[in-house]
Amino acid sequence: MLDIQKLSSQLAEVSLELAQEATQSDQRQEHAQLVYEEAARQEERLRRRLTPEWLADVPWQVAKPVEPLDYVGAPTARPPRYSVVATDGSQIIPNHHEITSCFLINVGRILYTYGTGERPIQDSQPFLHREMALYQGSTRPGTGAEELIAVERFLAEMSELSKLADLARERGHPCVALVDGPLVQWPLEKQPEAFQLYVLDEFFRHMENLQRWDIPVIGYLSNSRAAEVANMLRVHLCPTFEDTCAPARACQRDPPACSELMPLWDRQLWVRRLKDGERSPLFACNARILQRYPWPVYACYLNTGNGEIARLEIPAWVANDPARMRMVQAVAYDQSQKGYGYPIALAEAHNQAVIRREDRSQFFALITRRLLHKRLRVAVSNKELRKRRGMV
Amino acid sequence: MKKVEATAAVRWGEVVAGSTTMVEVQCFPADDGRLTLPLPPPFGSFVRSVSEETGIDIFAVVYEVLTGSMDSTHRPTAMNMSRQELREHQPQIFDLLRTDVSCLIVGYRQGGRLYQYFPPHPPQIHDFVYACPTAEVMAFTDRLDFLRTLIKATGVPTDELVPACLRHAGAVRAFDRSFMVAAGKELSSLLKDDYDRLMAMLRRLRP
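Residues numbered from 1 in each chain as written. Chains lettered and ligands numbered in written order. Predicted model: local features only at pLDDT ≥ 70, side-chain atom pairs only at ≥ 80, totals over all residues.

Along the backbone of chain A there are 12 helices and 9 strands. Among the 392 residues that make up chain A, the fraction classed as buried is 37%. A separation threshold of at least 6 residues defines the contact pool for chain A, and within that pool the share at least 24 residues apart is 75%. (Helix = DSSP H or I, 4+ residues; strand = E, 2+ residues; numbered from the N terminus. Buried ≥ 20, exposed ≤ 12 C-beta atoms within 10 Å, placed from the backbone. Contact = placed C-beta atoms within 7 Å.)

Dropping the structure here:
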């Protein structure tokens, strides 16, 4: 139980600190704004610094602009008829105190078509796996089951997204596919190569389907903590870079000159720069895992019109085509409007995926019944039993 | 819901809760795939549930209709949009809402015979429910013993329900005078101790 009384004095202290931090953050944002404008004015100089040789020793991921830094993408009109497909997943992770080591992934599936009166598809698809199956691809000992399940969940989401896109194709209207979260699968960087390849192969297969059917796909990130553009500004600020010689091997300053900007998230850079429905220039993403991708991934920021700057991650075949870019920008904005701040298709995919407490108990009850039927030993650990019912 | 015809019964819902005295029915969405909210049978009209397992058809009268969220996640919220705008911009809401209809059991049919008292078994969950076509309403309301069940029901807007139900029974007979007089007499006998209530119901009998 939470003792609120004991908490209250700590709350007062923490809230004071938070208020101070907020003020500092506002000042930093304003400063970052000026730095960004300066970088835009000296874009040639910055671009010379953003080459692989120059960046070899930079310890953070740095975005590279592919459109002028002062570019602002005007809002675009959404097609009068369009479909959107989206998926989101949730899971019941294996619990060693529970009766069995199975895990379940539940994928919420959405296909909405606008302007035609066609019936929406909104349902969920569960996938039951044995825990052991998780470790087959991963040779790295000690990798947490939760991380591996997150990967399996992502693949299940992508696979269902591809199936929905196929259904949307039959409806015959322009369609956009929304992925909940990043296209850049940076958490995989920690995994062994064989596992990375297994996951990415399957991911690319689904992405290729979408491309073959000409269904532009974006990763939608709300409240993103990406700082690649912020890091680009740090490169701009660095006094030790020389325009004509190799970059400094290490920063001699303490603290480094560029740290005055930090902490700063990319999205904070656009709060004042973008009006409703406008997007930032495109940047090339630079995560290490992208070296394994057959195509580059780009990102831009969109003012969703509800006081939020969303990050969109976009594969090259969409980003390189102005018509497709206009389409994803319009649909991402329209979806956020319809969802009052967050794309309605992603929000509803989440709602479809949610596993409620009662569903969870029912899931374990069903498994117990099946196991008993097969005369297998069924036991819940004492710890779990005590957690469920206290004694007085 | 399609127009109720004289002979064909329209299947509009499914039993989601049933007891000896009442049945709760969830409406099906429009079967032509249109984005619209289900239109339940009107207040006071006759419906029939069909139980394949017990072989009993149960007759009931609609007394309450409730539309709300399908689950605990969604809450109906004003969107300031016309029906057409909702279809255009928020097509998902139609499937996220459900309409439940509560009906009071007034009798049953077994082996081709009609009975105007409670059935031996309640309706079963997932039994289909039909709107009674004209012929069935006429056959069932040939006797008026079921009025006592309606009038004695508790937690039900009886003073509105009884006249509404009799208006439906009258309508299938083109408000035939002798039927309406018989209904009035039955009511006055049932409500001989409550003149005000009787008059309130009689006034509501007019089509």
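Moving on to the overall build of chain B. Of the regular secondary structure elements, chain B holds 7 helices and 7 strands. Taken from N to C terminus, the helices and strands of chain B fall in the order β-β-β-β-α-α-β-β-β-α-α-α-α-α. The C-alpha atoms of chain B give a radius of gyration of 18 Å, which matches the 17 Å a tight globule of 207 residues would have. When the backbone C-alpha atoms are referred to their principal axes, chain B occupies close to 55 × 40 × 30 Å. Looking at chain B as a whole, 32% of its 207 residues are labelled buried. Sequence separation of at least 24 residues holds for 72% of the intrachain contacts in chain B that already meet a minimum separation of 6. (Rg over C-alpha atoms; globule rule 2.2 N^0.38 Å.)

Moving on to the interface of chain A and chain B. In this assembly, 11 residues from chain A lie in contact with 11 residues from chain B. Put simply, the parts of the chain that give the side of chain A that touches chain B at least two residues each are β3 (102-114) and α10 (344-353) of chain A. Tallied by class, the residues present in the side of chain A that touches chain B amount to 4 nonpolar, 4 polar and 3 charged. (Nonpolar A, V, L, I, M, F, W, Y, C, P; charged D, E, K, R; others polar.)

Before going further, it helps to spend a moment on helix α5 (residues 145-171) of chain A. Given 3.6 residues per helical turn, the α-helix brings residues three or four places apart onto the same face. Under the 1.5 Å per step criterion, the end-to-end length of α5(A) is 39 Å for 27 residues, consistent within 8% with the ideal 39 Å. Where α5(A) ends, the next residue or the one after it, A:G172, has phi of about 80 degrees, a positive value. (Expected span 1.5 Å × (residues − 1).)

This part is about the packing of helix α1 (residues 4-41) of chain A against helix α7 (residues 228-237) of chain A. All names here are of chain A. Put simply, α1 and α7 touch, their axes get as near as 10 Å, and they point 65 degrees apart. Accordingly, the angle class assigned to the pair α1 and α7 is roughly perpendicular. Remark: the crossing between α1 and α7 carries left-handed chirality. Across from A32, V35, Y36 and A39 in α1, the residues of α7 making contact are L233, H236 and L237. Residues belonging to the contact of α1 with α7 are distributed by class as follows: 6 nonpolar, 1 polar and no charged. (Axes fitted to C-alpha atoms, helices over the stretch in contact; angles between N-to-C directions. Parallel < 35°, antiparallel > 145°, perpendicular 65-115°, else oblique. Left-handed = near helix turned anticlockwise from the far one by under 90°.)

Residue and element names in this part refer to chain A. Here we have 9 strands laid out as an open sheet, ordered β1-β7-β8-β9-β6-β5-β2-β3-β4, and mixed in their pairing. Because the sheet does not close on itself, it has two edges, and the strands there are β1 (64-65) and β4 (121-130). Bridge analysis of strand β6 (residues 217-221) against strand β9 (residues 309-315) gives 3 bridges, and the strand direction is antiparallel. Of the residues in β9, the one forming a bridge with G219 is E313. (Pairing = 2+ DSSP bridges.)

As a further point, take the nonpolar core. Membership of the largest hydrophobic core comes to 88 residues, with the highest contact counts inside it found for A:V84, A:V85, A:A177, A:L178, A:L312, A:I314 and A:V328. Excluding its chain neighbours within four sequence positions, the residues that come into contact with A:I314 are A:I218, A:V297, A:Y298, A:A299, A:C300, A:A319 and A:V328. Within the second largest apolar cluster, 40 residues are counted, among which are B:C103, B:V106, B:L166 and B:V172. (Core = buried A, V, L, I, M, F, W, Y, C linked by C-beta atoms within 7 Å.)

Below, the discussion takes up the packing of α5(A) against helix α6 (residues 193-212) of chain A. Packed helices, taken two at a time, are described by the angle between their axes plus the distance between the axes. Residue and element names in this part refer to chain A. Put simply, α5 and α6 touch, their axes get as near as 9 Å, and they point 20 degrees apart. Compared by their axis directions, α5 and α6 come out roughly parallel. For the element pair α5 and α6, the recorded crossing hand is left-handed. Every residue of α6 that contacts α5 at V151, L155, M158, S159, L161, S162 and A165 is listed here: V199, E202, F203, H206, N209 and L210. Broken down by class, the residue content of the contact of α5 with α6 amounts to 8 nonpolar, 4 polar and 1 charged.

Turning our attention to the confidence of the model for chain A. Confidence in the prediction for chain A averages 87 pLDDT; 87% of positions are at 70 or higher. Confidence drops under a pLDDT of 50 for residues 244-248 of chain A, and excluding neighbours within four residues, the segment shows 5 contacts in the predicted structure. (pLDDT = per-residue confidence, 0-100.)

Right, let's talk about the environment of A:A226 for a bit. All names here are of chain A. Mapped onto the secondary structure, A226 falls in the loop between β6 and α7. By C-beta crowding, A226 is classed as buried, having 23 other C-beta atoms within 10 Å. Sequence separation between A226 and L264 is 38 residues, and the spatial gap between their C-alpha atoms is 9.0 Å. If sequence neighbours within four positions are ignored, A226 has contacts with W265, D266 and R311.

Geometrically, the link from A:M262 to A:P263 is a cis peptide bond, its omega value of -5 degrees lying close to zero. Along the chain, A:P263 falls in the loop between α7 and β7 (283-284). The phi dihedral of B:H126 is positive, around 75 degrees, even though this residue is not glycine. Tracing the backbone shows B:H126 in the loop between β6 (113-115) and β7 (128-131). Notably, B:F175 is not glycine yet its phi reads approximately 55 degrees, a positive angle. Note on B:F175: 14 C-beta atoms within 10 Å, which makes it partly exposed.

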